[in-house]
Amino acid sequence: EHVSAPVHHARREVDLRQFEGQPPHPRAFRRAVKPALILAFLMSAMAAGVIHWRAVYVSPLIVLWMVIGTRQALRHMGWAISDNAVAFRSGWLWRTITVVPLARIQVVRRIETPFDRRTGMGRVRVDTAGAGERSHRVDIPYLPEAVAFDLHRRLAAAPAATAFPW
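Everything numeric in this text was worked out from a predicted model, so none of it was measured.

Turning next to the overall build of the chain. Within the chain, the secondary structure is distributed over five helices and six strands. Listing every helix and strand of the chain by position from the N terminus yields α-α-α-β-β-β-β-α-β-β-α. Within the chain, the fraction of its 166 residues that count as buried is 37%. Sequence-distant contacts in the chain: of pairs separated by 6 or more residues, those separated by 24 or more amount to 55%. Accessible surface, the chain: about 10,800 Å² in total, of which carbon and sulfur atoms supply 61%.

Dropping the structure here:
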């Protein structure tokens, strides 16, 4: 709630109050928890190699942490688009909001892995000039396939209509 005023001060054309956050796909948890559980299994196997039989006590905690972390990350994830900007919110412990004016978009990609296609989901990534290697980007996962297609089409129209001064 408190981010809207500083963003509007920095970019007059962006008003976060007009954004309505869109959540991930309803089945995103099922899709996201599987890699988390594989990672939990690998961490439990490493713990068994280090602390032997005491890993029986640690392994359920690792699995529980991965499940809770996945659920919370998806609960706090959202995206929104207005007439002149796109915003992406992510993070559970460290929340981050990235707002990109549509006129600053250079590349828009729609990505579908085989797992995404099987579950009817997709991902949209937005690249801008000046974005650092480690900066938070607009990378919206777990979108319903039709929404991903429509969002890609809408975002790709913005740079196509923008004359970049070189």
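Here we come to the sheet that holds strand E4 (residues 105–111). Read from one edge of the open sheet, three strands run E4-E5-E6, paired in antiparallel fashion. Each edge of the sheet is formed by a strand with only one pairing partner; in this case those strands are E4 and strand E6 (138–144). For this sheet, the mean angle separating the axes of adjacent strands, direction not counted, is 15 degrees.

It is worth spelling out the sheet that holds strand E3 (residues 96–101) at this point. The strand order across the open sheet built from three strands is E1-E2-E3, with neighbouring strands paired in antiparallel fashion. Both edges of this open sheet fall to strand E1 (78–81) and E3, since each of them pairs with a single strand only. On average, each strand axis in the sheet is tilted by 10 degrees relative to the strand beside it, whichever way the strands run. As paired elements, E1 and strand E2 (residues 85–90) share four bridges and run antiparallel to each other. Looking at E2, one finds that Ala-80 is bridged to Ala-87. Where helix H5 (residues 145–160) meets the sheet, its contacts fall on E1 and E2, and the angle it forms with E1 comes to roughly 45 degrees.

Here we come to the packing of aromatic side chains. Enumeration according to the criterion identifies two aromatic pairs in this entry. Ring centres 6.2 Å apart and planes at 75 degrees place the aromatic pair Trp-53 and Tyr-57 in the edge-to-face group. For the pair Trp-53 and Tyr-57, one class covers both residues: exposed. Ring geometry for Trp-65 against Trp-92: centres 5.4 Å apart, planes inclined by 40 degrees, an arrangement best described as tilted. With Trp-65 in helix H3 (residues 55–75) and Trp-92 in the loop between E2 and E3, this pair connects stretches of sequence that are 27 residues apart. In this structure Trp-92 comes out as partly exposed when scored by relative accessible area, which is 22%.

Bringing helix H2 (residues 28–51) into the picture now. With 24 residues, H2 should reach 34 Å at 1.5 Å per residue; the first-to-last C-alpha distance of 34 Å fits that figure. Its axis deflected by about 25 degrees at Lys-34, H2 carries its strongest bend there, up to four residues before the proline Pro-35. Of all the positions in H2, only Ala-28, Arg-31, Ala-32, Val-33, Ala-36, Ala-40, Ser-44 and Ala-47 are classed as buried. The inward-facing, buried residues of H2 contact H3, helix H4 (114–119), strand E5 (121–128) and E6. One or two positions beyond H2, positive phi appears at His-52, with a value near 55 degrees.

Conventions we followed
Residues numbered from 1 in each chain as written. Predicted model: local features only at pLDDT ≥ 70, side-chain atom pairs only at ≥ 80, totals over all residues. Heavy atoms only, no water. Helix = DSSP H or I, 4+ residues; strand = E, 2+ residues; numbered from the N terminus. Buried < 20%, exposed > 50% of the residue type's maximum accessible area, 1.4 Å probe, protein only. Contact = heavy atoms within 4.5 Å. Areas by Shrake-Rupley, 256 points an atom, 1.4 Å probe, with all protein chains shown as cover. Pairing = 2+ DSSP bridges. Axes fitted to C-alpha atoms, helices over the stretch in contact; angles between N-to-C directions. Phe/Tyr/Trp six-rings, centres within 6.5 Å; stacked < 30°, edge-to-face > 60°. Expected span 1.5 Å × (residues − 1). Bend = angle between axes of the 7 residues up to and from the residue.

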